[in-house]
Amino acid sequence: MISKLKYNFNTQTNTAPLAIFRLLFGLLMFVSMLRFWINGWIEKLYLLPKFHFSYLGLEFIKPIGNYTYFIFLICGLSAIFIAIGYKYRFATIIFFLSFLYIELMDKTTYLNHYYFINLVSFLLIFLPANAYFSLDAYLNGKKYLKVPKWSIDSIKLLLIIVYFYAGLAKLNSDWLLRAMPLKIWLPSKFDIPLIGETFMQQNWFHYAMSWSGMLYDLTIPFLLLYKKTRNMAFIAVVFFHVFTRVLFPIGMFPYIMIIATLIFFENSFHQKIINFLTKNILITRKKIQSISTLKLSNSRQKITKTVLCIFFIIQIMFPWRYLLYPGELFWNEQGYRFSWRVMLMEKAGSTNFKIVDTKKNTSFTVDNSDFLTTFQEKQMSFQPDFILEYAHFLGNHFKKQGHKNIAVFAESYVALNGRLSTRFIDNTVNLYAEKRSFKPIKWIIPFSSEIKIKGL
């Protein structure tokens, strides 16, 4: 039994799946960067806002004015280099760093699939995805027909973690017993042909969607692993992601997950794609030496194994960090991000700030629209770390304007998954005096709804 659980890092496998994954991932990332540029999102999200919400300890990472376009340009070009497999190692490092910088510029734009892209791009740095069907192989005159099996299995393992943890996160009473937040979202999709005014308005359909979503996430990676169920599982992957794309504005995420799950298919499937492309599109007369296996040096193998082990231990452990915090996770959100909790909440808030001169006992209320975009204000209104950072910004801003003895208080009300709106922040706490940290937050009013949330 124990011997079956041991993993042989020396096993070799066909290179084709890794090459196709590299090609499709690079192309999708290029399209993703292009969408940001063409739709004017770089200006809207990073240049127009007067203030940017930062990650704790990474406050120095900010948009750099019009040079922000240059970061997107570098990111897009490196994605193309990854796709064609040119200067691959350098391209993956540049793509990872530039995409990471983009994601850290303003946490208002945090999305689970951006986090997923960061993880995949980091992983690709250590994988020999240019060994075959790449410009590097063409220019070097060598292609490797087999690579270490762990290089492909590591991508599969990351996908298994993403899906399975997303399924575990749905094992809660709001999702399963109240069909929340789908019961709020789906009726608003009345304009979808055929099902908008029928199924979308039905209570049973909301529950069916909730339960099927949970079962899908928990089982799909294992159904993809098993050859006999793989084809049906992939059809389910395509249907699920296309359907969610129709329902919700989730950008490139459905396409990224669809192409990523192709990694589970047989080597022959990927080889057929490569054969088709080389015979019909990428025609060349240059003879490239075929080498049966790619053997990494001992030092490189040792470094790669160490990095991957640490990487996956973090991926398995990190989503559970919320257990270190008291209170309701959905309410205080400490440990919520980076844990594959996908679309589990409909949270709406209203948060306004009062600037007080503690000695003169005078005060005035801040107009949030003077400093935040509509999108930023919406995100700030119900997320505690946003509220505290913004309170600090306001305190510093008015201090620079000559105000003295400043204290900042918040009037904040939040509604969670259809519950009544209730006070969210203790309005007697001077937030300007509270430090940003990873410690449990004490200035949030505890979650007190009679409708409790049970589960993971």
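Higher on the page you've got the structure.
Residue positions are given per chain, counted from 1 along the sequence in the order it is written. Local features are withheld for residues below a pLDDT of 70 in this predicted model, meaning they are given only at 70 or higher, and side-chain atom pairs are given and counted only at 80 or more; totals for whole chains, interfaces and linings count all residues. The side-chain quantities take in all heavy atoms of the structure and omit both hydrogens and water.

A. Main features of helix α15 (residues 298–317). An ideal rise of 1.5 Å per residue puts 28 Å on 20 residues; α15 measures up with 29 Å between its terminal C-alpha atoms. For each residue, the accessible area found with a 1.4 Å probe, counting protein chains only, is set against the maximum for its type, and the residue is called buried under 20%, exposed over 50%, and partly exposed in between. Runs of H or I in DSSP of at least four residues are treated as helices and runs of E of at least two as strands, each being numbered from the N terminus. For α15, the set of buried residues is Q301, T304, L308, F311, F312 and Q315. Summarising the axial view, the buried residues of α15 lie within an arc of 105°, below the 170-degree limit, and thus occupy one face. Along α15, the residues that are exposed and aim more than 90 degrees away from the buried face are N298, K302, I303, I313 and M317. On the buried face of α15, the contacting elements are α6 (112–125) and α8 (149–169). Multiplying 1.5 Å by the residue count of a helix minus one yields the expected span of that helix. Arc definition: it is the arc formed by the directions from the helix axis to the C-beta atoms. In this description, contact between two residues means that some pair of their heavy atoms is separated by no more than 4.5 Å.

B. Spotlight on a nonpolar patch on the surface. Residues forming no salt bridge and having over 30% relative accessible area are the ones grouped into patches, like charges within 9 Å of each other and nonpolar side chains (Val, Leu, Ile, Met, Phe, Trp, Tyr) within 5 Å. Per-residue and other accessible areas were derived by the Shrake-Rupley procedure at a 1.4 Å probe size, with only the shown protein chains allowed to occlude residues. We define a salt bridge as a contact between a side-chain nitrogen of Lys or Arg and a carboxyl oxygen of Asp or Glu at a distance within 4 Å. On the surface, L34, W37, I38, I64, Y67, F70, L73, I74 and L77 cluster together into a nonpolar patch covering about 900 Å² of accessible area. Those elements that provide at least two residues to the nonpolar patch are α2 (16–38) and α4 (68–84). Ranked by the residues each element gives to the nonpolar patch, the list is headed by α4, at 4 residues. Structurally, the position occupied by W37 is in helix α2. Taking the relative accessible area as the measure of exposure, W37 reaches 39% and is therefore partly exposed.

C. Quick look at the packing of aromatic side chains. Two aromatic rings from Phe, Tyr or Trp, using only the six-membered ring of Trp, form a pair when their centres are within 6.5 Å; if the ring planes differ by under 30 degrees the pair is stacked, by over 60 it is edge-to-face, and anything between is tilted. All chains considered together, the criterion is met by 43 aromatic pairs. Pairing Y216 with F240 gives two aromatic rings, centres 4.0 Å apart and planes at 15°, and the pair type is stacked. Placement of the pair is Y216 in helix α11 (residues 203–225) and F240 in helix α12 (residues 227–247), with a sequence separation of 24 residues. Overall, the relative accessible area of 9% leaves Y216 in the buried class. Taken together, the aromatic side chains of F21, F25, F36, W41, Y46, F72, F95, F99 and Y114 make up a single cluster linked through ring pairs. When the ring centre of F386 is taken as origin, the NZ or CZ atom of K107, which lies over that ring, is 4.9 Å away. R341 extends its terminal NZ or CZ atom over the ring of Y322, reaching a point 4.7 Å from the ring centre. Geometrically, a lysine NZ or arginine CZ counts as sitting over a ring once it is within 6 Å of the ring centre and also within 35 degrees of the ring normal.

D. How the structure looks around the pattern of salt bridges. All chains considered together, the criterion is met by 12 salt bridges. Put simply, R337 and D385 hold a salt bridge, and the shortest N to O gap is 2.9 Å. Of this pair, R337 sits in the loop between α16 (329–332) and β4 (347–357) while D385 sits in helix α18 (residues 384–400); the two residues are 48 residues apart in sequence, bridging distant segments of the chain. With relative accessibility at 15%, the residue R337 sits in the buried group. Of the charged contacts, one joins R423 and E411 as a salt bridge, the two residues approaching to 3.0 Å between their closest N and O atoms. In this pair, R423 sits in strand β7 (residues 422–423) while E411 sits in strand β6 (residues 406–416), placing the two residues 12 residues apart along the sequence. A residue is classified by how much of its surface remains accessible, and R423, at 26% relative accessible area, is partly exposed. Given a relative accessible area of 37%, E411 falls into the partly exposed group.

E. Quick look at the side chain of R22. By the element assignment, R22 lies in helix α2. Positive charges are assigned to Lys and Arg, negative charges to Asp and Glu, while His and the chain termini are left out of the count. No salt bridge is formed by the buried R22; its nearest oppositely charged neighbour, D136, is found at 7.7 Å.

F. Structural context of the packing of α2 against α8. Where α2 contacts α8, the two axes come as close as 9 Å, and the packing angle between them is 50°. Between α2 and α8, the angle falls in the class oblique. The two elements α2 and α8 cross, and the hand of that crossing is left-handed. Taken together, the residues of α8 that come into contact with α2 (itself represented by P17, L18 and F21) are S151, I152 and I155. Side-chain classes are defined by residue name, with Ala, Val, Leu, Ile, Met, Phe, Trp, Tyr, Cys and Pro counting as nonpolar, Asp, Glu, Lys and Arg as charged, and the others, Gly among them, as polar. Its residues assigned to classes, the contact of α2 with α8 comprises 5 nonpolar, 1 polar and no charged. Angles here are taken between N-to-C directions and fall from 0 to 180 degrees, while the axes themselves are lines fitted to C-alpha atoms, restricted in helices to the stretch in contact. Oblique is the label for any angle not under 35 degrees, not over 145, and not in the 65 to 115 range, which are roughly parallel, roughly antiparallel and roughly perpendicular in turn. The sense of a crossing depends on the near helix, which, turned anticlockwise from the far helix by less than a right angle, makes the crossing left-handed and, turned clockwise, makes it right-handed.

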